[in-house]
Amino acid sequence: MTTKVEQATSLRCPVCRAKVVVALQNEVVIHNAILKVDPASGRVTAKCVRCKAWVQVPLRYTGDMTPS
Ligand SMILES: [Zn+2]
């Protein structure tokens, strides 16, 4: 049992229930995931390493899209 509530924005894979995103108070940890960014919206999806399903991540990419 944990004393802190830390799973407010934590995200599990809907298919295999593996933890994909864990949101702590000051940081968000994405576990071993391949990330995909939609350039138009900046919306981020993460690929579950266990079952390869794409999981919508409640994050937005706002950096430079230009690959170097
Ligand atoms: Zn999965």
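Provided above is the structure to which this section pertains.
Since the model is a prediction, treat every value here as computed from it, not as a measurement.

Trainee: Got a minute to help me understand the overall build of the chain in this structure?
Mentor: Looking only at helices and strands, the chain features 0 helices and 6 strands. Mapped from its N terminus to its C terminus, the chain presents α and β elements in the order β-β-β-β-β-β. Per-residue burial over the chain gives 12% buried out of 68 residues. In the chain, the proportion of contacts linking residues at least 24 apart, taken out of those at least 6 apart, comes to 33%.

Trainee: How should I be thinking about the nonpolar core in this particular structure?
Mentor: In globular proteins that are soluble, nonpolar side chains generally tend to be buried together. Of all hydrophobic cores here, the largest spans 8 residues; its members are Leu11, Cys13, Val20, Val21, Ala46, Cys48, Val55 and Val57. Counting residues per element, the ones that place at least two in this core are β2 (19–23) and β6 (54–60). Leaving out residues up to four positions away in the same chain, Ala46 has contacts with Val20, Val21, Ile30, Ala33, Ile34, Leu35, Val55 and Val57.

Trainee: What's the story with the sheet that holds strand β3 (residues 28–30) in this structure? I'm lost.
Mentor: Strands in a sheet are paired, the pairing made by backbone hydrogen bonds, and the direction either parallel or antiparallel. Spatial strand order, β1-β2-β3: 3 strands in an open sheet with antiparallel pairing. Across the chains shown, the open sheet's two edge strands, defined by having one partner strand only, are β1 (11–12) and β3.

Trainee: Teacher, can you tell me more about the environment of Val28 here?
Mentor: Checked against the element boundaries, Val28 lands in strand β3. Once residues within four sequence positions are removed from consideration, Val28 is found in contact with Val21, Ala23 and Leu59.

Trainee: How do you make sense of the environment of His31 when you look at a structure like this?
Mentor: Here His31 shows up in the loop between β3 and β4 (34–37). For His31, the contacting residues outside a window of four places in its chain are Lys19, Val20 and Val22.

Procedures and definitions
Residues numbered from 1 in each chain as written. Predicted model: local features only at pLDDT ≥ 70, side-chain atom pairs only at ≥ 80, totals over all residues. Helix = DSSP H or I, 4+ residues; strand = E, 2+ residues; numbered from the N terminus. Buried ≥ 20, exposed ≤ 12 C-beta atoms within 10 Å, placed from the backbone. Contact = placed C-beta atoms within 7 Å. Core = buried A, V, L, I, M, F, W, Y, C linked by C-beta atoms within 7 Å. Pairing = 2+ DSSP bridges.

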